[in-house]
Amino acid sequence: MVSEAIFKNQVIQKAWEDPGFKAKLLTDPKEALREALGINLPDHITLKTVEEGSNEFYLVIPPNPSSGVMKTDVTTLGSW
């Protein structure tokens, strides 16, 4: 199984190298991953892709562990 950090780096590298993949990743990220990498995400998973500008930084706040939704609940997919 590929770690999340390695997977993200691979996707970012591919987006930098392949303008078509990058465009698809920004408009339909689940389909882009399926077509290019053979990764199928379940329908209940929402995937959002944004492109940072040189003067922007996005901070993603994960679910609070006390909310009952743990990261391991969504990363145990066979397709990851």
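The rules behind the values
- Residues numbered from 1 in each chain as written.
- Predicted model: local features only at pLDDT ≥ 70, side-chain atom pairs only at ≥ 80, totals over all residues.
- Heavy atoms only, no water.
- Axes fitted to C-alpha atoms, helices over the stretch in contact; angles between N-to-C directions.
- Helix = DSSP H or I, 4+ residues; strand = E, 2+ residues; numbered from the N terminus.
- Parallel < 35°, antiparallel > 145°, perpendicular 65-115°, else oblique.
- Contact = heavy atoms within 4.5 Å.
- Nonpolar A, V, L, I, M, F, W, Y, C, P; charged D, E, K, R; others polar.
- Expected span 1.5 Å × (residues − 1).
- Buried < 20%, exposed > 50% of the residue type's maximum accessible area, 1.4 Å probe, protein only.
- Arc of directions from axis to C-beta.
- Core = buried A, V, L, I, M, F, W, Y, C linked by side-chain atoms within 4.5 Å.
- Salt bridge = Lys/Arg side-chain N within 4 Å of Asp/Glu carboxyl O.

(A) Examining the packing of helix 1 (residues 4-17) against helix 2 (residues 19-27) more closely. Contact geometry of helix 1 with helix 2 gives a least axis separation of 5 Å together with a crossing angle of 120 degrees. Considering the angle they form, helix 1 stands oblique to helix 2. Here helix 1 contributes Val11, Lys14, Ala15 and Glu17 to the contact with helix 2, which in turn contributes Pro19, Phe21, Lys22 and Leu25. Partitioning the contact of helix 1 with helix 2 into residue classes produces 5 nonpolar, no polar and 3 charged.

(B) Representation of helix 1. Counted at 1.5 Å a residue, the expected span for helix 1 with its 14 residues is 20 Å, and the 20 Å between its end C-alpha atoms agrees. Within helix 1, the full set of buried residues consists of Phe7, Val11 and Ala15. End-on view of helix 1: buried residues confined to an arc of 70 degrees, all on one side of the axis. Facing away from the buried surface of helix 1 by more than 90 degrees, the exposed residues are Asn9, Trp16 and Glu17. Buried positions along helix 1 lie against helix 2 and helix 3 (29-37).

(C) Fine view of the nonpolar core. Counting 10 residues, the largest nonpolar core is built from Phe7, Val11, Ala15, Phe21, Leu25, Ala32, Leu33, Ile39, Leu41 and Ile45. The set of elements that each furnish at least two residues to this core consists of helix 1, helix 2 and helix 3.

(D) Here's a closer look at the pattern of salt bridges. For the structure shown, the criterion picks out 5 salt bridges. Between glutamate 4 and lysine 8 there is a salt bridge; the shortest N-O distance is 3.3 Å. In this pair, glutamate 4 and lysine 8 are both assigned in helix 1, 4 residues apart and thus about one turn of the helix distant. When its relative accessible area of 35% is taken as the criterion, glutamate 4 is described as partly exposed. A salt bridge links lysine 14 to aspartate 18, with the shortest nitrogen-to-oxygen separation between them at 3.4 Å. Assessed through its relative accessible area of 25%, lysine 14 is described here as partly exposed. Taking the relative accessible area as the measure of exposure, aspartate 18 reaches 28% and is therefore partly exposed.

Treat this as a map of the structure, not an account of what it does.
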